[in-house]
Amino acid sequence: KKCMRRYVIVIIILVFSVALFKIWNVHPTFSDENVYFLMSRKVIEGQVPYKDFSFVHPPLQIYTIALFFKIFGVSLITGKMVAIIFSSLSSIMIFFVSRMILKDEKKSLLSAITFILFPYFLAFSDHGIGMWESLSFFLLSIYFLLSKKYLLSSLSFSISAFYRYLVILYFPLLLIISRE
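Just so we're clear, the structure is a prediction, and the values are computed from it rather than from any experiment.

Student: Whenever I open this one, a positive patch on the surface confuses me. Can you help?
Tutor: There is a patch of like positive charges on the surface, built from Lys 1, Lys 2, Arg 5 and Arg 6. Tracing the sequence through the fold places Lys 1 in the segment before helix 1 (2–24).

Structure (structure tokens):
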């Protein structure tokens, strides 16, 4: 227990450090996130996706960003905070899911650190394209599945799909895990 608490603290410090670095160095990216920020702004102005403007992805991403805009104000840093928070949660969930699968806290810590220090994570953990939100809920789904909380697992997986449909491709993985 004491050792695990230390590992979780190490992960939180590392995640917090990366998040602070991302916040400190916030800058616009030339990607679809700019369009999602614009659409989220339209949502807080009362427009509805698919009805008032075209949107080809599931709705939760722009509604989540819109919620943050509503609470904290429309700004680049507010929009980026959504991705930073969810990528950070994904990092922490990697530890907990790995711990359940590997049954080894040191290897789980290594899994989480590897994920956090992976160049893709370092480069894109602040990009608001919906993947981090989807990944967070997908990992939560795996965690609940391994905990034999099937209703919560299916709910988390469904939420994940409402961020990005692409997660449906991982459904067979959930079936494989559920058989073990």
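Student: Looking at this structure, I do not really get the nonpolar core. What am I missing?
Tutor: For soluble globular proteins, the rule of thumb is that nonpolar side chains tend to be buried together. In terms of nonpolar packing, the biggest core is built from 40 residues, with Ile 11, Ile 62 and Phe 95 touching the most fellow members. Breaking this core down by element, the ones donating at least two residues are helix 1, helix 2 (33–44), helix 3 (60–72), helix 4 (76–102), helix 5 (105–117), helix 7 (131–146), helix 8 (150–161) and helix 9 (171–179). Ranked by the residues each element gives to this core, the list is headed by helix 4, at 7 residues. Discounting residues that sit within four places of it in the chain, Ile 11 has contacts with Ser 91, Ile 92, Phe 95, Leu 109, Ala 112 and Ile 116.

Student: It is not clear to me how a nonpolar patch on the surface should be interpreted in this structure. Could you clarify?
Tutor: A contiguous nonpolar surface patch, about 480 Å² in accessible area, is contributed by Met 131, Leu 166, Leu 169, Tyr 170 and Leu 173. Within the secondary structure, Leu 169 sits in the loop between helix 8 and helix 9.

Student: Is there a simple way to explain the pattern of salt bridges in this structure?
Tutor: Side chains that carry opposite charge are capable of pairing whenever their charged atoms lie near each other. For the coordinates displayed, the defined rule picks out 4 salt bridges. For Asp 126, the salt bridge goes to Lys 22, with nearest N and O atoms at 3.6 Å. Within this pair, whereas Asp 126 is found in the loop between helix 6 (119–124) and helix 7, its partner Lys 22 is found in helix 1, the two being separated by 104 residues in sequence. Across the pair, Lys 22 and Asp 126 agree in class, each one buried. In this structure, Arg 41 engages Glu 45 in a salt bridge whose closest nitrogen and oxygen atoms are separated by 3.9 Å. The partly exposed category is assigned to Arg 41, whose relative accessible area is 43%. Three or more residues joined by partner-sharing salt bridges are found here, namely Lys 22, Glu 33, Lys 80 and Asp 126.

Cut-offs used in this document
Residues numbered from 1 in each chain as written. Predicted model: local features only at pLDDT ≥ 70, side-chain atom pairs only at ≥ 80, totals over all residues. Heavy atoms only, no water. Patch = residues over 30% accessible without salt bridge, like charges linked within 9 Å, V, L, I, M, F, W, Y side chains within 5 Å. Areas by Shrake-Rupley, 256 points an atom, 1.4 Å probe, with all protein chains shown as cover. Salt bridge = Lys/Arg side-chain N within 4 Å of Asp/Glu carboxyl O. Lys, Arg positive; Asp, Glu negative; His and termini not counted. Charge placed at Lys NZ, Arg CZ, Asp CG, Glu CD. Helix = DSSP H or I, 4+ residues; strand = E, 2+ residues; numbered from the N terminus. Core = buried A, V, L, I, M, F, W, Y, C linked by side-chain atoms within 4.5 Å. Buried < 20%, exposed > 50% of the residue type's maximum accessible area, 1.4 Å probe, protein only. Contact = heavy atoms within 4.5 Å.

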